[in-house]
Amino acid sequence: MAADLTFYINGRKVVEKNADPEEMLLGYLRRKVGLTGTKYGCGEGGCGACTVMVSRYDPVQDSINHCAVTSCLVPVCSLHGSAVVTVEGVGSTRTKLHPVQERIAKAHGSQCGFCTPGMVMSMYTLLRNNPKPTMEDIREALGGNLCRCTGYRPIIDGFKTFCDVNQGGKCCMDNGYFHNQEDQICEELFKAEDFLPLDPTQDIIFPPELLLLGKKQDHGQLCFQSERVKWISPALLKDLIHLKAQYPDAPLMMGNTTLGLKVNVKRALFPVIIYAGWIPELREITWSSNGLRVGAGCSLSVLKDVLQKGIKDLSPEKSEVYQTLIQTLHSLASKQIRNMATIGGNIMSSDPKYDLCSVLAASGCTLRIISKAGVCEMVLDDKFFTDFGKTVLQEDAILLSINIPHSKPWEFISTFRQAQRREFSFSFVNSGMKVSFREQSAVVESLEIFYGGVGSTLVKARNTGKELRGRLWNEKLLSKGIELLKVEISLSSAIPRGREEYRKTLVLSFFYKFYMEILLELRKKGVAVSDVPPEYLSALKPHGNELPHGHHTFQMVPEIQSSTDPVGCPIMHQAAFQQATGEAQYYDDIPSVKGELFVSMVTSTRAHAKLISIDASEALSIPGVVTFITAEHVPGQNRRVWFGNVEELFAEEEVICVGQIIGAIVAENREIAKRASCLVSVTYEDLLPVFFTIEEAIEHQSFFEPKRKLERGNVEEGFEKSDHILEGELYMGGQEHFYMETQGVIAVPRAEAGEMELYVATQHAAFTQEVVGLTLGVNSNKISCHVKRLGGGFGGKVMKIASLSAIAATAAYRTGRAVRCVLERGDDMLITSGRHPFLGRYKVGYMNDGTILAADITYYSNGGCTLDESSFIMEKALLHMDNGYKIPHLRGRGLVCRTFLPSYTAFRGFGGPQGLTIIESVLHEVASRCGLPAHQVREVNMYKSERCYTHHQQLFSPVDMLRCWHECLEKSNYEQRLLAIQKFNSSNNWRKRGLSIVPLKFGIGFSKGFYNQGAALVNIYKDGSVLVSHGGTEMGQGINTKAIQIASRVLNVPMSSIHVKETCTGNVPNAAPSAASFGTDAVGMAVKDACEKLIARLQPLRKQNPEHTWQQLVVEAYCQKISLSATGFFMGPHTGVDWERSKGAAYYYFTFGACCSEVEIDCLTGDHENIRTDIVMDVGKSLNPALDIGQIEGGFIQGLGLYTIEELHFSPDGVLKTRGLSDYKIPAIVDIPHTLNIHLLSNAQNPHAIYSSKGIGEPPVFFGCTVFFAIKEAIAAARRERKLSKSFNISSPATPEKIRMACEDNFTTVVTSSKNKHWSPWTINV
Ligand SMILES: Cc1cc2nc3c(=O)[nH]c(=O)nc-3n(C[C@H](O)[C@H](O)[C@H](O)COP(=O)(O)OP(=O)(O)OC[C@H]3O[C@@H](n4cnc5c(N)ncnc54)[C@H](O)[C@@H]3O)c2cc1C
Ligand code: FES
Ligand code: FES
């Protein structure tokens, strides 16, 4: 028996004598080894932030396999004989960067940087296996890595440079960058020719010791025991059989991608784990003349490779089944997951939403089972599965291999799936279908139809298959099939994850697709079957899988600008190299200090209830639990107060939402704290009322104060003069921030005078400092907040983090020890909430030509249980309700609903997107009613004269908005594409395209005038180096980079001599939050101010010593006792609104833009493809075009998620169900438009902000609505063709389900719901 676990990390040997069976590689790397480059983003294999490369010798294939894996799902005990490479092992700024690291950084592919190490590792692994990848290889490699900041385009552009050029798509190497000297327009954001070449000798070699170990036939059985779990890894099949008989209840772990999710997310505990990853028989693969026998332990990646190679030697007829499997594997999970997950695990998990079983069953595959009782072979079909997670097998049975027979002549097989996101998402419904025909005929000999996702197990449409046997493959068969399936596949309305009607429709739509596919196949074979009208072939149109590309233009700096002046240049993010090497430190990367504790929250499970008792005795009895704290332990105020709004830190007497913090367990480490927090027992007494939705709040008249109104003109008069009146509404769902780094803080008490240091991921350090001070009853001058950087914020790290910090500080205060708090993803989603759902109800009066005379809109937002920032968010929605349109009579009312949900908070755009989208919806509907193109109606209504007033009477000029609009129309080739789309739609019945263009006028700055201020501190040291401190926080937007560019210009020193270390309340006090797209405006001005003061002080010396270098000048100044430190301050504008009079300059200025998007929908499934987006944006004179374009792309993609796939679900009891990436989908690479062009408006000015630039962080999110409206256009085209009514209601997000159901047809109308009076919806629209 082998005693120790032996593996390598970054070329260094690790021997673990007492490996912990419960420990995952991610935690081990970060906490035991101190390699914090690998990040935690979700803990469920869904984000790729934790990607590392694991290499193993495979004795079956006699090769070394390098695989990208998600380390959050890799048990350390499974690593025996493996070599792990993390981002730190790839390259470093101290030694040498790896080209992957260099290119992602220089191509501006790293904003907050939290996803960057994972991206690097996926790409590194790809290159390790294939130094000359294709575009498709890159797409596949990065498909499992999510980024919330960049929108992926720059990452792809950087990595494309590893491809051979001329591989289809446009590579940045052949972009033909030009500098148009005349217009001074530039397209070059980075110089690919400067990149380091790929040098494989830089790679860590696979350790020879591990090769020898791997080649040993029997390297013994490993056994580890922790307090709760025993781990056994046998090396031989006979031992495995014996162990499984001995421990029949123990799971047989392979890739751990199903089991790991249960442990990490659901906190399942398996007292014994049998790991079977070493058993050679489980990984054997043999091709025979009849088919393929694949070991159950083969990973899905290996299976895909084997199939891809194998089909080359087979006739197309025989390989049909394998081609279909390859297609399934392509969209199943991500590369990392496929590298880990096994085919046997996929089958044995018995989860109907998994994709493989339906197609394997249809293919007629058999399973070889082994146990102590012997070996047997059985058919894989619906009868193999007895319930969710259960099969007919005895507990001690092991799935040894799967036999997949070759396809036979006249046999056709297909697979279908539909999910929320096309790839890397569990399917709602999947299906495998196989039909065999009598030779040379269209007579069905057999038909096998299997569906997953329509019940608790795999379902076979047995009767349908039987009834259709012997029939001819024609329309009659189709109709009969639909009729039979409708009856046979009887989904229950109580099915988990709901969507009964949609799933039933998919069942029929998939059959229709299959029918069409086979019709074509038969025709190809020369069988006389009915003609397929060409427009119906669109049912089979494959998705475009090309790697996205784009085109960006921006104006170069003027020729007269000094070459040493970086302002206006596309400078790389200041910390990009550190981010790409994993050296960049986030709060949870800070090593633990001696005696550090961990705090884990105990949250309410009831939406509205009285707290009767809290019993923490069981939790406290666990060794390692130090204490349990509640409201009574708070030394100061148990309250977070903001603008007079009070929110309890810990609930005291009553809970008002599920997820409200009641108490917190403090323990020696995070595992114990988390485990113990689940053991705290709370007794509640439910209270009434309890409601969650906007509609219910309206019924209860449950609103927060103040209720706001803005009014221009005389709306009633406007209605009277109008040709038509239209009433309608639009609902927009909320959105989860999904910053890649979850919220958290480290509170370190100092021994002296009640001082406390906080290392915290906050966008508003001063507020956190204030709340912590009040909580502890200590003055702010003793509390210091340090913010190095945030792994994304998007508005979500302003408010709640202050409460979490105060709780961690309370724990630190009580214990006298440092306390760390890191929210797990599920808790983060539950506790911190996100963007407000909005409902806009409107009445609008318009003329025949689409001119809108009057609009009266009432906005309702769901504020949740406390006010938080909701009233300001509602104000912003109202202030943006005119967008770029001069509607003479306009009235908006805003009501924030008080419900029993977690409190909604700020999110990039801050109500702007909702306010804007609802008016855009009005325009869209008016155009549709008038039968006019939507862009024409928009144009008719736009502000046009030089001097215009908004509906709140703020003077502005729309000239640059109109320039953006016209340029966007031109650059997107709008008119021509509109015609092309009409043509496409008329010749494609099941695919429809839509195009939409919107303008944008977005207010910049805080409408609360006092927040419009910025401060900075600039220190020059004797060596000439400069340290800039400012009140903003770096969260990927590049505020530090811009601050350095500004300092460099003013001081005339190179950027390399200037550093921004951190944001600290001790350096720059009372700073405003980094929000409202105002960070750079405020901080930039303050930095400039400080630098100008310093330059003024140095000026006399400069005159006296013109020959002095900068450093000599600084030393001279020091010797002459001139202060080399200066503070800078920016007093921004006095914005504000008089709500009584509907009057006021709410914003400092406006950022303008226009965006045009084209989509294509699949009317049968509801899937959509983002074909192309063009954005023209006015950012004034960009301080840094690379960063600004990055903000535009990233914001747009975040908006694309908001309006299409990001859907939060609450149960009827108000419990958030979407608490991780299994259920909540943010855009992945597959979602971004195939073409994404960004143009910065040239010759734009802005007298109000630093160096004529403009704020850009928030505005582009709204542009995601172009995709929403383009989808609506596409649906409308489908409905027109089917002669359905023009008006249909589709709310945002336009998910596949909503798209499909809005494209009504014979399939949607025949499905009936099984809902009865006891039916309760699985989710509610809050
Ligand atoms: C992020 C993510 C996305 C995913 N997306 C998809 C998707 O789109 N489509 C899809 O189909 N699947 C998807 N999956 C599921 C994935 O394919 C399965 O989890 C995987 O195939 C299970 O294999 P495993 O080796 O990891 O099994 P494990 O987790 O190791 O084991 C799973 C179960 O199978 C049993 N078992 C495993 N092997 C055997 C055997 N040989 N004999 C007897 N019992 C055995 C174990 O006892 C255990 O109960 C996804 C998973 C993740 C984490
Ligand atoms: S995939 Fe491992 S943390 Fe997200
Ligand atoms: S840079 Fe990708 S998540 Fe921030």
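Up top is the structure.
Numbering of residues starts from 1 in each chain and follows the order in which that chain's sequence is written. All chains are assigned letters beginning with A, and all ligands numbers beginning with 1, in the order in which they are written. The predicted nature of this model means local features are confined to residues of pLDDT at least 70 and side-chain atom pairs, given and counted, to a pLDDT of 80 or more, with totals for whole chains, interfaces and linings taken over all residues. Calculation of side-chain values draws on the structure's entire complement of heavy atoms; hydrogens and water are dropped beforehand.

Visitor: Please clarify how the packing of aromatic side chains should be interpreted in this entry.
Guide: By convention here, two paired aromatic rings are described through the distance between centres and the angle between planes. The rule is short: rings of Phe, Tyr and Trp, with Trp giving its six-membered ring, pair when the centres are within 6.5 Å, and they are stacked under 30 degrees, edge-to-face over 60, tilted in between. Taken as a whole, this structure holds 42 aromatic pairs when the rule is applied. Here the aromatic rings of W473 and F514 are separated by 5.8 Å at their centres, their planes lie at 90°, and the arrangement is edge-to-face. With W473 in the loop between α15 (462-468) and α16 (475-488) and F514 in helix α17 (residues 500-524), the pair connects residues that are 41 residues apart, well separated along the chain. With respect to class, W473 is no different from F514; both count as buried. Following the ring pairs from residue to residue traces out a cluster consisting of W642, F643, F767, F872, F1006, F1010, Y1011, F1078, F1130, Y1148 and Y1149. Above the plane of the ring of Y739 lies K797, whose end atom (NZ or CZ) is 4.5 Å from the centre. Only when the NZ of Lys or the CZ of Arg is both within 6 Å of the ring centre and within 35 degrees of the ring normal is a charge said to sit over the ring. One cation-aromatic arrangement involves K843 over F719; the distance from NZ or CZ to the ring centre is 4.7 Å. Numbering of helices and strands runs from the N terminus; a helix is a DSSP stretch of H or I covering at least four residues, while a strand is a stretch of E covering at least two. Note on classification: 1.4 Å probe, protein chains only; a residue is buried when its accessible area is under 20% of the maximum for its type, exposed when over 50%, partly exposed between these limits.

Visitor: Would you take a moment to explain the packing of helix α27 (residues 912-930) against helix α35 (residues 1265-1281) for this structure?
Guide: For any two helices packed against each other, one specifies the crossing angle of their axes together with the interaxial distance. In this analysis, axes come from line fits to C-alpha atoms, helices being fitted only over the stretch in contact, and the angle between any two N-to-C directions falls in the range 0 to 180 degrees. At a minimum axis separation of 11 Å, α27 and α35 run at an interaxial angle of 25°. When the axis of α27 is compared with that of α35, the two are roughly parallel. Both α27 and α35 take part in a crossing whose hand is right-handed. Where α27 approaches α35, its residues T917, E920, S921, H924 and E925 are matched on the opposing element by C1265, F1269, K1272 and E1273. Each angle gets one of four labels, with under 35 degrees taken as roughly parallel, over 145 as roughly antiparallel, 65 to 115 as roughly perpendicular, and the rest as oblique. Put simply, a crossing is left-handed when the front helix is turned counterclockwise from the back one by less than a right angle, and right-handed when it is turned clockwise. Pairs of residues are marked as contacts when any of their non-hydrogen atoms sit within 4.5 Å.

Visitor: Could you clarify how one ought to interpret the packing of helix α28 (residues 934-941) against helix α29 (residues 959-971) in this entry?
Guide: Following both chains from N to C, one finds α28 and α29 inclined at 160°, their axes separated by 12 Å at the closest point. One element, α28, and the other, α29, form an angle in the roughly antiparallel class. As α28 packs across α29, the resulting crossing turns out to be left-handed. Along its contact with α28, which presents H935, R938 and E939, the element α29 presents W965, H966 and L969. Three classes are used: nonpolar for Ala, Val, Leu, Ile, Met, Phe, Trp, Tyr, Cys and Pro, charged for Asp, Glu, Lys and Arg, and polar for all others, with Gly counted as polar. Looking at side-chain class alone, the contact of α28 with α29 contains two nonpolar, two polar and two charged residues.

Visitor: Can you help me understand empty space enclosed by the protein in this one?
Guide: If a probe as big as a water molecule is rolled over the atoms, it shows which places are left empty. Cavities and pockets were defined on a 1 Å grid built over protein atoms only: a cavity is a set of grid points that admits a 1.4 Å probe from which the probe cannot escape, a pocket is an open set flanked by protein on both sides within 12 Å along at least five of seven lines, and lining residues are those with an atom within 4 Å of any such point. Grid points are joined across faces, edges and corners, and a volume is the space filled by probe spheres set on the points. Across all of its chains, the model carries 13 cavities of 30 Å³ or more by this definition. Every residue lining the largest cavity is counted, 45 residues in all, and those nearest its centre are S1074, A1075, A1076, S1077 and E1258. The set of elements that each furnish at least two residues to the lining of the largest cavity consists of α26 (870-879), α32 (1079-1104) and α34 (1185-1204). Sort the elements by how many residues they give to the lining of the largest cavity and α26 lands first, with four residues. Split into classes, the residues belonging to the lining of the largest cavity amount to 18 nonpolar, 17 polar and 10 charged.

Visitor: Where do I start with the pattern of salt bridges in this structure?
Guide: Side chains that differ in charge, positive against negative, can pair when their charged atoms come close. Take a side-chain nitrogen of Lys or Arg and a carboxyl oxygen of Asp or Glu: if they are within 4 Å of each other, that pair is a salt bridge. The full count for this structure, using the stated rule, is 83 salt bridges. The salt bridge involving E377 is made with R368; its shortest N-O contact spans 3.0 Å. With a relative accessible area of 28%, R368 lands in the partly exposed category. Linking D856 and R891 is a salt bridge whose minimum nitrogen-to-oxygen distance equals 2.9 Å. Separated by 35 residues along the polypeptide, D856 in strand β39 (residues 852-864) and R891 in strand β40 (residues 889-898) bring together distant segments of the chain. Both residues of the pair, D856 and R891, count as buried.

Visitor: Would you mind going over the site of ligand 1 with me for this structure?
Guide: Among the 33 residues in the neighbourhood of ligand 1, the closest are listed as M254, T257, T258, T342 and D355. In this structure, A333 approaches ligand 1 through a main-chain N or O atom, which is 3.2 Å from an oxygen atom. Side-chain atoms alone can form a polar contact between residues adjacent in sequence; in general such a contact is a pair of N or O atoms within 3.5 Å, and within protein one must be able to donate a hydrogen while the other accepts it. In the model, an oxygen atom of ligand 1 is placed 2.9 Å from a nitrogen or oxygen of the N346 side chain. Across the complex, the protein chains shield 94% of the 980 Å² of accessible surface that ligand 1 would expose by itself. Among the elements of the structure, β10 (252-253), α9 (259-264), α13 (343-348) and β18 (398-405) are those that each provide at least two residues to the shell around ligand 1. Examining the composition of the shell around ligand 1, we find that four residues originate from one element, α13, more than from any other. Split into classes, the residues belonging to the shell around ligand 1 amount to 19 nonpolar, 11 polar and three charged. Residue proximity to a molecule or strand is established when one non-hydrogen atom of the residue lies within 4 Å of it. The protein chains shown are the only cover counted for residues, whose accessible areas, like all others here, come from Shrake-Rupley with a 1.4 Å probe.

Visitor: For this particular structure, what's the right way to read the sheet that holds strand β29 (residues 654-655)?
Guide: Strands in a sheet are paired, the pairing made by backbone hydrogen bonds, and the direction either parallel or antiparallel. Strand order in the open sheet formed by three strands is β29-β25-β31, and the pairing between neighbours is antiparallel. Two strands bound the open sheet, and with one partner strand each, they are β29 and β31 (681-686). Following DSSP output, two strands are said to pair if at least two bridges run between them. As judged from the six bridges shared by strand β25 (residues 609-615) and β31, these two strands associate in the antiparallel manner. Across the sheet, A609 pairs through a bridge with D686, a residue of β31.

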